[in-house]
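Structural description and commentary
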Amino acid sequence: MIAGYLTHHAQALLGSIGRLARAPLATALTVLVIGLALALPLALALFVTNAMNATGGFTGAVDVSVYFKPEIAIARVQQLAQNTRARAGVAAVQVISSAEALMEFRQYSGFGTALQALGSNPLPNVLHVRPAPQASGSADLDALKHYLAAWPEVDVVQVDSEWVLRFNAILDLLRRVLGIAAILLGAGVLAVVGNTIRLEIQGRRTEIEVIRLVGGSSGFVRRPFLYTGTLYGLAGAVLAWALNGIAVLVLRAPVATLAQLYGSRYTLAGPGPREIGLTLAAGVVLGWLGAWLAAARHLRGIEPRA
Amino acid sequence: MILFERVTKRYRNGREALRAATFSIDRGEMVFLTGRSGAGKSTVLKLIALLERPTRGSIVVNGQNLGTLKSGQLPAYRRTLGVVFQEHRLLDDRPVFDNVALPLVVAGSAPAEMDKRVRAALDQVGLLGKERMLPNELSVGEQQRVGIARAVVAKPSVLIADEPTGNLDPGLALEVMKLFKRFQDVGVTVIVATHDLHVVHEFGQRTIVLDDGQVLGSADAPLPSMTATR
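Structural notes, computed from the coordinates. Computed from a predicted model, the values in this text were never measured in an experiment.

**Some words on the interface of chain A and chain B**
- At the junction of the two partners, chain A supplies 22 residues and chain B supplies 20 residues.
- Surface buried jointly by chain A and chain B totals about 1,900 Å² across both partners, of which 67% is contributed by carbon and sulfur atoms.
- Applying the counting rule to chain A against chain B returns two salt bridges.
- One salt bridge connects A:Glu207 with B:Arg94, and the closest N-O pair in it is separated by 2.2 Å.
- Connecting chain A to chain B are three residue pairs in polar contact (both at pLDDT 80 or more).

Written out as structure tokens, the structure is:
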């Protein structure tokens, strides 16, 4: 019985492959539509990934600069730095003494001679606090800022986060656009597969009637159509992967050239195992689901005629 | 055993095809259903095959009350039947072997068992050696015999045939009926709906006569009144 069941699955699968192969043009057009629908969300996902890669992961690089009052001694600053390191959500703390800051300023600012004219060092001791990536949200940064500003020794606390927050907001927006596109195009794939299966059911009406007459269950009747839908989805997903892979190959060299001009060694990333896996899974699930919905809707009305 | 008890079937268009029909058919019996066109013969077979449900009354087939059968149980029930139509309902794009094997595929038979049974069924109907041919490469009589082989390949307990000789010449019609008789001889209940009284006379089996949806009577040979309807 199990051998027979497995044999029928194999027959249904091979039968579906055979039917698709016997109508190459119609199959190719359907697969092309599904492939394009799946390729667009994949392309958007790759764009987001590449945008993050291109910016060197600075989305989490928020720095908080703490400027101390001039009279505060470096020893007290070191002590407060120690306290800050112990706080949850803080990844790194760097102490820059007023002497170090002055030396650096002399070296890089080009005002070395002018600075020598000053009687005393005008720069304060500074702490650079880097929050942990998971504690870089707006609320976390506010809390950290309040904590640091509450010290009486502190003159000013500056959070260098606005541009990062804007960039994160753009990425978040892109992710949402990606989600909406994926849902809409997924619904499109369902409709394409569903309509194709509906036409196939109509074309095989006599066969379905005979199968029901000789005792074929609903599952038995439905099975070849589910395989066909799944094959459409899988082929469409492979096409989507191929289209994106080709696009990345074509764009990789000019993007690398452009990056070099900006002093970067960045290269365009293609679909990785995660993206490929998700695309194939989405294709298979959407193909199967589209076929199942069409079969459930259109097979119900087909009963053998006497 | 098949038992019809006061079975009425009214179609959606209001036509009453069967009116309080009551009769029984023993297990392993061969019975002819006769009557003029529209008498209700096909409706009886449709009700047995559950292609239609009765409007009133009860039908019991091999101890199973069809009125209580749920839709999920329908495939298993239909696998106990063999059905032969006047139009053979063969799948033209598949060879004879695949057409005959269909009930076994549906039942989940193993390939080796399927091969053995299909060849045995084709042998019974005299078509062994033609299993690779397509239906439209066969004569009408051969196509009918492929339909019969498909109906009996899964060893049904009940074989129903609706005008199985309608498209056949008298010689072929008698051959087909002899096949049915052979199935009855091995214990299959055979019900043949036909208006071909020549065939009915030839085989001398019990005959249930229908007229305008009502059972006129049952006899070991056609009732005299039916002779006039031929």
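**A short note on empty space enclosed by the protein**
All names here are of chain B.
- Applying the stated criterion across every chain yields a total of two cavities of 30 Å³ or more.
- Its boundaries defined by the atoms lining it, the largest cavity holds a volume of some 50 Å³.
- Around the largest cavity sit 10 residues that line it, and Leu 45, Val 83, Phe 85, Ile 160 and Asp 162 are the ones nearest its centre.
- Breaking the lining of the largest cavity down by element, the ones donating at least two residues are helix 1 (41-48), strand 6 (81-84) and strand 7 (158-162).
- Looking at the lining of the largest cavity, its residues break down into eight nonpolar, no polar and two charged.

**Some points on a nonpolar patch on the surface**
Residues and elements named next belong to chain A.
- A grouping of Leu 25, Leu 29, Leu 32, Leu 36 and Leu 243 is seen on the molecular surface, where their side chains present a nonpolar patch of about 470 Å² in accessible area.
- With four residues, the top contributor of residues to the nonpolar patch is helix 2 (residues 24-54).
- Counting through the fold element by element, Leu 36 comes out in helix 2.

**Here's the deal with the pattern of salt bridges**
- Across all of its chains, the model carries 22 salt bridges over all chains by this definition.
- Ionic pairing is found between A:Arg19 and A:Glu200, a salt bridge with its closest N-O pair at 3.3 Å. Taken together, the positions of A:Arg19 in helix 1 (residues 2-22) and A:Glu200 in helix 7 (residues 162-203) put the pair 181 residues apart, joining distant regions of the chain.
- The shortest N-O distance in the salt bridge between B:Glu131 and B:Arg119 comes to 2.4 Å. Here B:Arg119 lies in helix 4 (residues 111-124) and B:Glu131 lies in the loop between helix 4 and helix 5 (140-152), a separation of 12 residues in the sequence.
- You can call B:Glu131 buried: its relative accessible area is 9%.
- One network of salt bridges, in which partners are shared, links A:Arg19, A:Glu200, A:Arg204, A:Glu207 and B:Arg94.

Criteria and cut-off values
Residues numbered from 1 in each chain as written. Chains lettered and ligands numbered in written order. Predicted model: local features only at pLDDT ≥ 70, side-chain atom pairs only at ≥ 80, totals over all residues. Heavy atoms only, no water. Contact = heavy atoms within 4.5 Å. Buried area = accessible area lost by both parts, 1.4 Å probe. Salt bridge = Lys/Arg side-chain N within 4 Å of Asp/Glu carboxyl O. Polar contact = N/O pair within 3.5 Å; in protein donor to acceptor, adjacent residues only side chain to side chain. 1 Å grid on protein atoms, 1.4 Å probe; cavity = no way out; pocket = protein on both sides within 12 Å on 5 of 7 lines; lining within 4 Å. Points joined across faces, edges and corners; volume = space filled by probe spheres on them. Helix = DSSP H or I, 4+ residues; strand = E, 2+ residues; numbered from the N terminus. Nonpolar A, V, L, I, M, F, W, Y, C, P; charged D, E, K, R; others polar. Patch = residues over 30% accessible without salt bridge, like charges linked within 9 Å, V, L, I, M, F, W, Y side chains within 5 Å. Areas by Shrake-Rupley, 256 points an atom, 1.4 Å probe, with all protein chains shown as cover. Buried < 20%, exposed > 50% of the residue type's maximum accessible area, 1.4 Å probe, protein only.

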